[in-house]
Amino acid sequence: MAKASEAFAIRHDIAATAEDVARIRRALDRFYTAVETAEPVADSYIQLHAGEAIRSAFVKHNPLSGQAHGTAMAMEEMPEAWPPKYRASVAFHLSPLLDEVIDS
């Protein structure tokens, strides 16, 4: 396994081959593209009305079987080019999907 793939798997505490990591990264990229389509990237907060579209996009493109683990991964891997307010807004809109962590 390539070092980058191995580091990704270790960082997210998953057992994954290089092919698995590539599949997960593609799914995350599809999710990030859907977020940018729902609300174009800007140095501002994403309004509440976009929250459902963001959560729906995540559910559609979740790279893992566990919703909370996939949500945490999506938050961790957000594009660095996104401004802090935009990233914080995406995390805010994804946070309801972390309920299974709290309720487990």
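Notes on the structure follow. (Residues numbered from 1 in each chain as written. Predicted model: local features only at pLDDT ≥ 70, side-chain atom pairs only at ≥ 80, totals over all residues. Heavy atoms only, no water.)

## So, the environment of Tyr-32
- Positionally, Tyr-32 belongs in helix 2 (residues 18-38).
- The exposure class assigned to Tyr-32 is buried, which follows from its relative accessible area of 6%.
- With 42 residues separating them in the primary sequence, Tyr-32 and Ala-74 have C-alpha atoms 8.6 Å apart.
- In this view, Tyr-32 contacts Met-73, Ala-74, Glu-77, Met-78, Pro-79 and Trp-82; residues no more than four positions away in its chain are not counted. (Helix = DSSP H or I, 4+ residues; strand = E, 2+ residues; numbered from the N terminus. Buried < 20%, exposed > 50% of the residue type's maximum accessible area, 1.4 Å probe, protein only. Contact = heavy atoms within 4.5 Å.)

## Concerning the packing of aromatic side chains
- Going through the model one piece at a time under the given rule, you end up with 4 aromatic pairs.
- Judged by centre distance (5.5 Å) and plane angle (55 degrees), the rings of Phe-31 and Tyr-32 are tilted. Grouping residues by exposure puts Phe-31 and Tyr-32 together as buried.
- Of the aromatic side chains, those joined through ring pairs into one cluster are Phe-31, Tyr-32, Phe-58, Trp-82 and Tyr-86. (Phe/Tyr/Trp six-rings, centres within 6.5 Å; stacked < 30°, edge-to-face > 60°.)

## With respect to the nonpolar core
- If you look at the biggest cluster of nonpolar residues, it comprises 25 residues, and the most contacted ones within it are Phe-31, Val-90 and Leu-94.
- Going through the elements one at a time, helix 1 (3-11), helix 2, helix 3 (51-61), helix 4 (67-76) and helix 5 (84-94) are the ones with two or more residues in this core.
- The greatest single-element share of this core, amounting to 6 residues, is contributed by helix 2.
- Apart from the residues within four sequence positions on either side, Leu-94 is in contact with Phe-31, Ile-54, Phe-58, Thr-71, Ala-74 and Met-75. (Core = buried A, V, L, I, M, F, W, Y, C linked by side-chain atoms within 4.5 Å.)

## A closer look at the pattern of salt bridges
- What the rule picks out here adds up to 2 salt bridges.
- Residue Arg-11 is joined to Glu-77 by a salt bridge in which the shortest nitrogen-to-oxygen separation is 2.7 Å. A residue pair is termed long-range when its members are at least 10 positions apart, and Arg-11 in helix 1 and Glu-77 in the loop between helix 4 and helix 5 qualify at 66 residues.
- For Arg-11, a relative accessible area of 43% translates into the label partly exposed.
- Its salt-bridge partner being Arg-55, residue Glu-52 comes within 3.6 Å of it at the nearest N-O pair. With Glu-52 and Arg-55 both in helix 3, this residue pair falls 3 residues apart, about one helical turn. (Salt bridge = Lys/Arg side-chain N within 4 Å of Asp/Glu carboxyl O.)

## Quick word on the environment of Ser-5
- Positionally, Ser-5 belongs in helix 1.
- Accessibility expressed as a relative area gives 12% for Ser-5, which makes it buried.
- Remark: the alpha-carbon pair of Ser-5 and Glu-19, spanning 14 residues in sequence, is separated by 8.7 Å.
- Excluding anything up to four places from it in sequence, Ser-5 contacts Ala-18 and Val-21.

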